[in-house]
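Here is what each chain is made of, one letter per residue.
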Amino acid sequence: MNELLKQNISNHVTFSEEELQEFGKYFQLKTFKKKEYLLKQGDVCRFEGFVVSGCFRIFTFDQKGNDNTLYFAARDWWLMDNDSFMHQNPSSLNMQALEDSEVLMINRMDKLMLYEKLPIVEKLFRIMSQKALVAWQRRLIRNHCETAKERYQNFITTYPSIASKIKDKQMASYLGITHEFLSKIKKR
């Protein structure tokens, strides 16, 4: 089993060695080149992924063709489109590699099978979902209550390794501001 994945899940629950080995069997390592898409808007998300190396940008296009970044997923992060994965409907999201990357992927059927086979897996994903929901809630509050400069400072302080990998245009998209406004913030 991949050591990084093993460390990640041990932060949430305690698996026996046998459970870890069984869990790891259901993941396949896939590589993605820089700019390659893991998921495109309109496709159905049939996987959940764990980033072993590299970085992804998860974004959507609005009706005017502008892209809006929801989040970034770097080493030791999980990524998927929850809505599309759960309901098997077309995704509203794009997932694109910002650099050459590796992802351990599990498909929907295997994940559901693991829930039955190893009940602790359901506990693991419930805990991870709760933590992700808290992170989304905090981001939503920041977006409504903090200035763009405060959001920028928070991002570069909280995620320095991601901030160093992304372009200013991608950062501005994540912060919900224009590239030009981000340039002004950075000059201050």
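Residues numbered from 1 in each chain as written. Predicted model: local features only at pLDDT ≥ 70, side-chain atom pairs only at ≥ 80, totals over all residues. Heavy atoms only, no water.

A. Representation of the overall build of the chain within the structure. Along the backbone of the chain there are 9 helices and 8 strands. With the C-alpha coordinates aligned to their principal axes, the bounding extent of the chain is approximately 55 × 30 × 30 Å. Buried residues in the chain amount to 43% of all 188 residues. Considering only contacts within the chain whose residues lie at least 6 apart along the sequence, 69% involve residues at least 24 apart. Total accessible area on the chain stands at roughly 10900 Å², and carbon and sulfur atoms take up 50% of it. Distance between charge centroids for the chain: 8 Å, based on 29 positive and 23 negative side chains. (Helix = DSSP H or I, 4+ residues; strand = E, 2+ residues; numbered from the N terminus. Buried < 20%, exposed > 50% of the residue type's maximum accessible area, 1.4 Å probe, protein only. Contact = heavy atoms within 4.5 Å. Areas by Shrake-Rupley, 256 points an atom, 1.4 Å probe, with all protein chains shown as cover. Lys, Arg positive; Asp, Glu negative; His and termini not counted. Charge placed at Lys NZ, Arg CZ, Asp CG, Glu CD.)

B. Up close: the environment of Asp-83. Checked against the element boundaries, Asp-83 lands in helix α3 (residues 82-87). A residue is classified by how much of its surface remains accessible, and Asp-83, at 42% relative accessible area, is partly exposed. Considered as a pair, Asp-83 and Leu-93 are 10 residues apart in the sequence and their alpha carbons are 10.0 Å apart. When near neighbours in sequence (up to four residues on either side) are disregarded, Asp-83 contacts Gln-88 and Asn-89. Only 2.9 Å separates the side chain of Asp-83 from the side chain of His-87, close enough to count as a polar contact. (Polar contact = N/O pair within 3.5 Å; in protein donor to acceptor, adjacent residues only side chain to side chain.)

C. Here's a closer look at the sheet that holds strand β8 (residues 101-107). Ordered in space as β1-β8-β3-β6, the 4 strands form an open sheet in which the pairing is antiparallel. Sheet topology places β1 (28-32) and β6 (78-79) at the edges, where each strand pairs with a single neighbour. Bridging between strand β3 (residues 47-53) and β6 involves 2 bridges; their strand directions are antiparallel. Pairing of Gly-49 across the sheet is with Leu-79, part of β6. Sitting on the sheet, helix α1 (residues 3-10) touches β3, β6 and β8, and the angle it makes with β3 is about 115 degrees. Sheet strands in contact with helix α4 (residues 108-117) are β3 and β8, and its direction is about 60 degrees off that of β8. (Pairing = 2+ DSSP bridges. Axes fitted to C-alpha atoms, helices over the stretch in contact; angles between N-to-C directions.)

D. Looking closely at the sheet that holds strand β4 (residues 55-61). Across the sheet, which stays open at both edges, the 4 strands sit in the order β2-β7-β4-β5 with antiparallel pairing between neighbours. Strands at the two margins of the open sheet, each flanked by one partner only, are β2 (37-39) and β5 (67-74). On average, each strand axis in the sheet is tilted by 30 degrees relative to the strand beside it, whichever way the strands run. Taken together, the 4 bridges between β4 and strand β7 (residues 94-97) define a ladder with antiparallel strand orientation. Across the sheet, Phe-59 pairs through a bridge with Asn-94, a residue of β7.

E. Representation of the pairing of β7. By the alternation rule, side chains of β7 split into Asn-94 and Gln-96 and Met-95 and Ala-97, which are all buried. Inspection of the sheet shows β2 paired to β7 by 2 bridges, in the antiparallel sense. By the bridge assignment for β7, Tyr-37 is matched with Gln-96.

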